[in-house]
Amino acid sequence: MTGSYIILKRIMAEARSAVAELRVKEIEEGHNSTKDIIRAWRKALVRRFYRTRNSIHNGMWPTSISNLIVAVVIFLLLLLCEPDFTSSLNKRFWQVDLLLYLPRGLPRTLRAIFIACIISFVFFLLLMKIRQYILRMLLSYRGWMYEYLRTQSKWTLLWCCMVKLVSGYQPSLYSCQRSLPRMPVPPLRDTLKKLMVSLKPICSDEEIQVLKKQSKEFEATVGPKLQKILILKSWLSQNYVSDWWEKYVYLRSRSPLPINSNYYCFDHSYWTPTNSQAARTAAVIYNCMNFKRLIDREELHPLMLRNTVPMCMAQYERVLSTVRIPGEDMDEVVHIEPSHSKHVVIMSRGIYYRVSVYDSSFQLLCPATLEQQVQWILEDSKKQAETVSDEEKSLAALTSLGRTKWAKLRKIWLSTGVNKESLDAIEKSVFFIALLDLKPTSLTERANLLLCGNGSSVWFDKSLSVQIFGNARCGMNCEHSMADAPALAHMWEYVMTKEVLEKQYDEDGSCMPPHRPFKQATVKKPQRLVWEVVPEFAKEIRSALQFAKKNSSDIDLVLHDHDKWGKGEIKKCKVSPDAFVQMALQLAYYKETKHFPQTYEACMTRMYLWGRTETVRSCTPESSDFVRAMMQNSISKNEKIRLLKRAAEVHQKMYRDAMNGMGIDRHLFALYVACKGLNYESEFLENIIHRPWTLSTSQTPHTQLTTTPDPNLKTFSNKLGPGGGFGPVSDDGYGVSYVIPNDHKFFFHVSSKRSCPHTSSERFVQLIFDSLEEMRNLYSLEGL
């Protein structure tokens, strides 16, 4: 151990020496001084003030301090002027004087002010609670979702006006949380009935009969008891299913995160704002930090459906500065407070650097300064790469292991000394960045790198890991437990849109200097993270790297854009674009396998407090009727169109039901958890819960920003985001993610396992394109 200690001291000395070579005009050694301490104390005081102010503001919404001031003025005027029509009321107001025990010698005006303040405060509290309750009741109405925007009923328009009236002023990020309704528990009988209908296309008659018998037995025995528990939980908790979903689906899972849990998202499809890797990195850091500042200050406006119905924004708190800590039995999601997360970690050539993104006056570094920091890291990592072992460069591969094994290795090798300090720096960072020499050109090549990395380029435990390639293209890999894709996609769209709408790079591709010159405060130099890798630990890292590469090599992932036509043509068919694509997926799968898959389509339930996702079972009796008709030339085009529209209408209704908390699968999941928790046995729930999702699908959200430019303009056609994707849920199935960015294009991400002899992602995506074309031809041949 003495030799290891000497080597470690030498490495640390070399690291300090290397960092000391930094020569940037604006960057100097950070130091502790009385002025810095006072500045930090003042900053903490200001932060605490704004946090308290935001908490009060959110607790009062939709009322405000102005309502209290108006109430004080009105009651004071009533007490002092004493109009005849409020004489009896005034007598009651003056009786408050007796309750306050005010001195008799006080002037009448001063006594009136005290009384008016007390009465106004009580009135304000009542008004606040009444408005919040009324708004919660109004937001529970879902009839508007089943009406088209142009043909809304008078009742819906009246409801919309009432919501606007009760809501009042523009809410901040978390203002609406207290007014959001809680997700209801669907009736047990309705869930079981819908389930049986959804199983008809994918189960044989014998299987259906068995499941019906088990369903009736479940409904007559343990089902009602479990249902009562869920109803009680819905009264006592913020959401009856979301906490269980996070715990048992994500944190209790022992599977590796890559492919099984994490997902990825692209930058621009074909356009790159700069060819400079350092400049692109700096801009991404700066834009992400600006978005984080909007979240921390609660200045980000909550998303509104139809500019009226607020969505739950609770997930945004954990979008950045969050890490999933592995455990032997269960993981833990840890969110780092803003005061303790003021840096990013950048990995270049396998060497890790801690980079502070604030100067000594706690101001966010400008992109030009960040670019200088990143450029120095690129140059320093070239010098130091030969002195670092391959195992140390591959440390991130440990996060790709099964969770139990990773937890044990973390406890043994990374829980003390310099390893713990370096690990803390990564886990407490705002997010993780990997600078790679690779220069992927095709969409498919980029997709594979973003999903799995190169084996050691993604810290999968972090909520956000960004990879920036040698050609300045980039993308993000996201951990799934702390937030769903729409929240991360919202942030990423903000970052990418800034690059399109603002001039962030000069003609040489470097970051633009600040608009106005200012004196840059002291900036800390990048700090290289030091690791102690003994031979036994090195062996584990090599094994982890082999596992990561083997795991990623089994993934068959392709990304193609369909640029012949887009949702513009689907609109002419008067069919929902999402339903149209889902029917094409059913047709493509049937062409390949000659049977129908149990299909998962993700939708969100964020109109409810702490809502996350629900499943839409896209394979229905109506969709199977349409698919069978498409496979028969003897059936007329008009009949196929009729069956398509019927299937699309059923799909749309199911999607709306799922968003309204009336889906099937989260209810069944919660029943299963309650059943296990009470040590009950249910053969029915066991059979249903463990049925594989052979076709897992999701539409990537886009244009969540009001500032997003019109994607149909030719100017932005090469700047469209292809969205993101994920690995297959089933070993013998497909994972399909798609985005419909404008009227002229689709992007499809299709994944499967190479180890399965029956699947081929390339073949399946071509079947999807063929199916889309066949469905469109039904209408084009009719002259549409």
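Residues numbered from 1 in each chain as written. Predicted model: local features only at pLDDT ≥ 70, side-chain atom pairs only at ≥ 80, totals over all residues. Heavy atoms only, no water.

> Explain the packing of helix H20 (residues 577-593) against helix H21 (residues 621-630) residue by residue, including any values.
Viewed as axis vectors pointing N to C, H20 and H21 meet at an angle of 55°, and their least axial separation amounts to 10 Å. Relative to H21, the element H20 is oriented oblique. The interaxial crossing formed by H20 with H21 has right-handed handedness. Between H20 and H21, the residues in contact are Met583, Gln586, Leu587 and Tyr590 and Ser623, Phe626, Val627 and Met630, respectively. (Axes fitted to C-alpha atoms, helices over the stretch in contact; angles between N-to-C directions. Helix = DSSP H or I, 4+ residues; strand = E, 2+ residues; numbered from the N terminus. Parallel < 35°, antiparallel > 145°, perpendicular 65-115°, else oblique. Left-handed = near helix turned anticlockwise from the far one by under 90°. Contact = heavy atoms within 4.5 Å.)

> Could you give an account of the sheet that holds strand S17 (residues 734-742), naming the residues involved and the relevant values?
One open sheet holds the six strands; their spatial order is S12-S18-S17-S15-S13-S14, and the pairing between them is mixed. The open sheet terminates on both sides in strands that have one partner only, identified here as strand S12 (555-562) and strand S14 (613-616). Taken pair by pair, the neighbouring strands of this sheet meet at an average axis angle of 20°, ignoring direction. As paired strands, strand S13 (residues 599-604) and S14 are joined by four bridges and run antiparallel to one another. (Pairing = 2+ DSSP bridges.)

> So what about the environment of Leu77? Which residues, and what values?
Within the secondary structure, Leu77 is located in helix H3 (residues 65-81). Taking the relative accessible area as the measure of exposure, Leu77 reaches 47% and is therefore partly exposed. Sequence separation of Leu77 and Leu401 is 324 residues, and the distance between their C-alpha atoms is 71 Å. (Buried < 20%, exposed > 50% of the residue type's maximum accessible area, 1.4 Å probe, protein only.)

> Break down the side chain of Asn471 for me, with residues and values.
Structurally, Asn471 is set in the loop between strand S9 (464-468) and strand S10 (474-478). Looking at Asn471, the relative accessible area reads 18%, which means it is buried. Separated by 2.9 Å, the side chain of Asn471 and the backbone oxygen of Pro440 make a polar contact. For Asn471, the residues in contact, after removing those within four places along its chain, are Thr272, Thr274, Asn275, Leu438, Lys439 and Pro440. (Polar contact = N/O pair within 3.5 Å; in protein donor to acceptor, adjacent residues only side chain to side chain.)

> Pulling in residues and values, what's your account of the environment of Asn58?
In this fold, Asn58 is placed in helix H2 (residues 34-60). Asn58 sits in the buried class, given a relative accessible area of 10%. Sequence separation between Asn58 and Leu76 is 18 residues; the distance between their C-alpha atoms is 27 Å. Setting aside anything within four residues of it in sequence, one finds Asn58 in contact with Ser172, Tyr174, Ser175, Arg178 and Glu298. Looking at Asn58, its side chain comes within polar contact range of the side chain of Glu298, at 2.7 Å.

> Any chance you could break down the environment of Met183 for me, citing the residues and the numbers?
Along the chain, the position of Met183 falls in the loop between helix H6 (154-167) and helix H7 (188-199). Linking Met183 and Ala397, residues 214 residues apart in sequence, is a C-alpha distance of 39 Å. Aside from chain neighbours lying at most four places away, what touches Met183 is Ser234, Asn239, Tyr240, Val241, Thr605, Tyr608 and Gly661.

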